[in-house]
Structure formats: structure tokens, C-alpha cells
2 protein chains.
Amino acid sequence: MTDFDTPLPESNPKDAEYLAKLQDYYAEWKSIPSYASLCEVFGIASKSWVKAILDRLGKAGFIERTPDGMWIPTRQFFARPFAESSVQAGMPVSVSATQGDYFIIDEMLIDTPSLTTMIPVKGDSMIEAGIHDGDIAVVEKRNLANVGDIVVAIVDNDFTLKTLGKEGGRFILRPANSAYPVIRPQGSLEIFGVLVGLIRKYRK
Amino acid sequence: MTDFDTPLPESNPKDAEYLAKLQDYYAEWKSIPSYASLCEVFGIASKSWVKAILDRLGKAGFIERTPDGMWIPTRQFFARPFAESSVQAGMPVSVSATQGDYFIIDEMLIDTPSLTTMIPVKGDSMIEAGIHDGDIAVVEKRNLANVGDIVVAIVDNDFTLKTLGKEGGRFILRPANSAYPVIRPQGSLEIFGVLVGLIRKYRK
DNA sequence: TTGACACCAGAACGTTCGTTCTCTACCATG
DNA sequence: CATGGTAGAGAACGAACGTTCTGGTGTCAA
């Protein structure tokens, strides 16, 4: 049983070539076209063979299908020969440019684009959490959070970034800087969103 | 760079909502489905109206077509709203469009894709610079750096992230953690690249 | 010499797709 | 009360699509 025996190595030698052509096409158009167009891309004339190729690439884990039956690339599709952190004495500055990097950061930080906002960080009240003035907070908008989350709350009509805590049954906002006081809101606490990522850009 | 200022305001007010739904769908499936499926995504029942919406989004520059007629996203599709610290008392979770700035994370951090590498940070030797274990360093590969830059150097066949300093005419690597020693390389110092950005992802 | 198999072409077929057209309900505005 | 624009529903249709089947090479080993 268990016939997932050959995940990475493609079963057919020419499949590597077809995969390369598909990757090139995808880099240009960011989509996998119809079987008919793939005939041109692959340089073959029969749709049935295109289907066989895609089925194999799917089985090998490079592409998968949406519920609609459309082919989409997997993470493995974008993997490239990657020099790990060994020696690398010769400084291979050029190497492969190619595709794939484009969405990676985005995809890593953002689950739900429509709920995600960037907010620049002002001040140093969270500096002990490694959040500096000028950093950019990636915030997912929602009004519920767990104790211990870093949240964006609305205090005095302004955004403030603090750790959500609880004290005697009431929510409090804890800075990560001993020079700042704990905020104990009277009344309800209005939470704008939860910190899901952080971005910092160093001047060039 | 990136001066696409005008085409943001969509012609129809509800288009912002449809765009958000499309962005969320794309974040999950990395493709734009058929009109029939978009009916479900958008919550409407007529394909003709879906087409009208996509035509408007295409005219506004968020999506475009391949030679095969497939819809694919443009760069603008991935732009994120950048919330300035205004008021926003009423928690308008859905609106998201129109006001504020937009930017694209990848473009902000990466100038030269072919020279840019991501390296996960290990250890806490730079913690006083707000660089934590598990953060991801965005590194631009080059072998020249200025004093004061945070650089990735190759020491003992391993990457290390430190601030570049100078001491008596020789380069040194300064950690940002008083518990770690300054590194004074004998011979030449091999610099892999310069830190240009930092990314942190908080667990959900 | 004969299978067996990988590789591919080509056609058939039922389904789905995108497009276009007509129609409706609902505001507004005047 | 007419008008016009918006926001959609729904049907119709030909073209395109994915799938399956059959058939035809070439190669290699038995």
C-alpha cells in the first residue's frame, strides 16, 4: 500500500524539462493555461499527453487543483536550487534571478488581505519586545484578542500598540518599556486589530 | 518608484468589497476562478454581473488578461492599505479602500531580487538592536559595507549577523548584546551581504 | 520476433465557459 | 410622473475545455 513512493523525483526524465517550461510560463503570466495552450508551451501536439504530464507533476507535488479543477502551483513549484548556509567562499553574486520570491513575504505575513493593514509604529513603548520607532506593524483587523497578544487598541482617538493583559477581571494594555505606565482603560477597551507581523526597513 | 497614484478609486463603491473578496480568494487559491465560481465568491447569482465587475476591476488596473483570456492579478492587486494614525473610531472592517496610502511589501523591502536573500536569525546576539531569534533577515548580497551597517559575515563557515565596526584600522563585528564578545577577525573579513530589512511573524 | 512500454497524435464527446441579450427591481432626481 | 442610472437575474449560444479512447510510433530487453 501507500503509493506515494516517489514524491520529489519526477517519474519521467522529460518531465523535468516540461516543469521548467511550465515554470517559465508561470513566471510570465502567473497562471497555468489551458491544455491547448500548454501544447504550444510544451511543444507537443496532443492534449491527452499534456494531461498525462500534468497528472504526473501533480502527483509529484509541483502543482495541485483547486475545487474548480484548475491547476495551481504549490510551494514546491517555486523551490529552486538553494545554497544552504555552508561555505560559499566564491560569492556567487549572480545566480538565478527567476521567479517565486515575489509573493513570498506577502504570503508569509498575510492570511486575509482584506482584513490586513499596515500601521507605522511611533515611539518606543514596545522596544523591549523588539518593536522600534519606524517599524511597520502588520495588523489583522478584528475586535477580539487573547491575553498575551500584541494588539492595536484605540485610545484617545489614536492607535496604540501594546500587549493585552488582564488584571482583576479587566483588560489592560501593557507596554514593553519600563518607562511607560500600564494603561487601565475605564469603560470598555476598543481593539482595532492584532499584530501578526512586523517589518523593518534599514536605510540604504 | 511606484507612482500608480490615480487608478485606485474604483468607479463603483461596492467594487471595493468585491475586490476584497477576490483578494481573499486569491490568497487562498492563487488563482482567479471561473465566472460561475465567482458568483459564489461574490455572493451574487448572475455571471453577466460578475463579468461587469471584473471588467471594471481590470479597467482600474487590479487585474489583467493573459493572451488566453484568463484573468490574472497585477502588481496593484497586492497593494496593502497603509493606515495613518487617524481616528477610525467606528471600526469599519469592510471599507478598506480609498483612504490612505498603499504599498507592496515585497517592493518596499527588495530593490534587487536577484541579490536579495532571506536568512532566518538564530540566537539573540543582536537583541538590543531589536533583532530576535526567529526573525527573518532580508539581506542584499554584496561584499562592501559601511561602518555602522548591520552585515551578514561569514565566520567559521557560518553566517553571522553583526554590526560592522572599525577599530584601529581593522574591521570588527560588534554584537548588540553585552553578553557576547566583539569579533575581531584575523586576516580579512568576508562579508556576505548587508541587512536591508527585517521580518517577524507572530504566531496566530 | 515478439512483446512491453514510454511517448505522442488525433479524434470524439459531453460539459463548462465566457459572452451577449433581455428583463426587473430599486432608488434617485427633476 | 417620466427618466435615467445602478445593481443585478436569467436565459441562450457557440466556442472552448477537459477527459477518454484508440492508434501509432520508436526503443529496449527477453
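Draft legend 1. Summary view of the packing of helix H1 (residues 15-29) of chain A against helix H3 (residues 47-59) of chain A. Residue and element names in this part refer to chain A. Across the interface, H1 lies against H3 with an axial gap of 11 Å and an inter-helix angle of 90°. Put simply, H1 runs roughly perpendicular to H3. In this structure, H1 contributes Asp15, Tyr18, Leu19 and Leu22 to the contact, and H3 contributes Trp49, Ile53, Leu54, Arg56 and Leu57. A breakdown of the residues in the contact of H1 with H3 according to their chemical character gives seven nonpolar, no polar and two charged.

Draft legend 2. Spotlight on the pattern of salt bridges. As enumerated under the stated definition, the model contains 15 salt bridges over all chains in all. A salt bridge links Arg75 of chain A to Glu107 of chain A; its shortest N-O distance comes to 2.3 Å. With Arg75 of chain A in helix H4 (residues 75-78) and Glu107 of chain A in helix H5 (residues 104-109), this residue pair connects regions lying 32 residues apart in the sequence. Arg75 of chain A gets classed as exposed once you look at its relative accessible area, which sits at 62%. A salt bridge links Glu167 of chain B to Arg184 of chain B; the shortest N-O distance between them is 2.7 Å. You can see Glu167 of chain B sitting in strand S8 (residues 158-167) and its partner Arg184 of chain B sitting in the loop between strand S9 (170-174) and strand S10 (191-201), a full 17 residues away along the chain. The class of Glu167 of chain B is partly exposed, set by a relative accessible area of 34%.

Draft legend 3. Geometry of the packing of aromatic side chains. All chains considered together, the criterion is met by 11 aromatic pairs over all chains. Judged by centre distance (5.0 Å) and plane angle (45°), the rings of Tyr18 of chain B and Phe42 of chain B are tilted. Here Tyr18 of chain B is found in helix H1 (residues 15-29), whereas its partner Phe42 of chain B is found in helix H2 (residues 35-42), with 24 residues between them in sequence. For the pair formed by Tyr18 of chain B and Phe42 of chain B, the shared burial category is buried. Members of the aromatic cluster, each reached through a chain of ring pairs, are Tyr26, Phe77 and Phe78 of chain A.

Draft legend 4. Seen up close, the interface of chain B and chain A. Contacts between chain B and chain A engage 77 residues on the former and 74 residues on the latter. Here chain B packs against chain A, burying approximately 6,500 Å² in sum over the two surfaces, 60% of which is carbon and sulfur. Counting across the chain B and chain A interface gives one salt bridge. In this structure, Asp106 of chain A engages Arg80 of chain B in a salt bridge whose closest nitrogen and oxygen atoms are separated by 2.2 Å. The tally of links from chain B across to chain A stands at 17 residue pairs in polar contact (both at pLDDT 80 or more). Contributions of two or more residues to the side of chain B that touches chain A are made by H1, strand S2 (71-73), strand S3 (80-82), helix H4 (105-109), strand S6 (136-141), strand S7 (150-155), S8 and S10 of chain B. For the side of chain B that touches chain A, the element with the most residues is S10 of chain B, which contributes nine residues. A breakdown of the residues in the side of chain B that touches chain A according to their chemical character gives 42 nonpolar, 15 polar and 20 charged. Inspection of the sheet shows strand S8 (residues 191-201) of chain A paired to S10 of chain B by five bridges, in the antiparallel sense. Residue Lys201 of chain A lies in a different strand from S10 of chain B, and its bridge partner there is Gly197 of chain B.

Cut-off values and rules
Residues numbered from 1 in each chain as written. Chains lettered and ligands numbered in written order. Predicted model: local features only at pLDDT ≥ 70, side-chain atom pairs only at ≥ 80, totals over all residues. Heavy atoms only, no water. Axes fitted to C-alpha atoms, helices over the stretch in contact; angles between N-to-C directions. Helix = DSSP H or I, 4+ residues; strand = E, 2+ residues; numbered from the N terminus. Parallel < 35°, antiparallel > 145°, perpendicular 65-115°, else oblique. Contact = heavy atoms within 4.5 Å. Nonpolar A, V, L, I, M, F, W, Y, C, P; charged D, E, K, R; others polar. Salt bridge = Lys/Arg side-chain N within 4 Å of Asp/Glu carboxyl O. Buried < 20%, exposed > 50% of the residue type's maximum accessible area, 1.4 Å probe, protein only. Phe/Tyr/Trp six-rings, centres within 6.5 Å; stacked < 30°, edge-to-face > 60°. Buried area = accessible area lost by both parts, 1.4 Å probe. Polar contact = N/O pair within 3.5 Å; in protein donor to acceptor, adjacent residues only side chain to side chain. Pairing = 2+ DSSP bridges.

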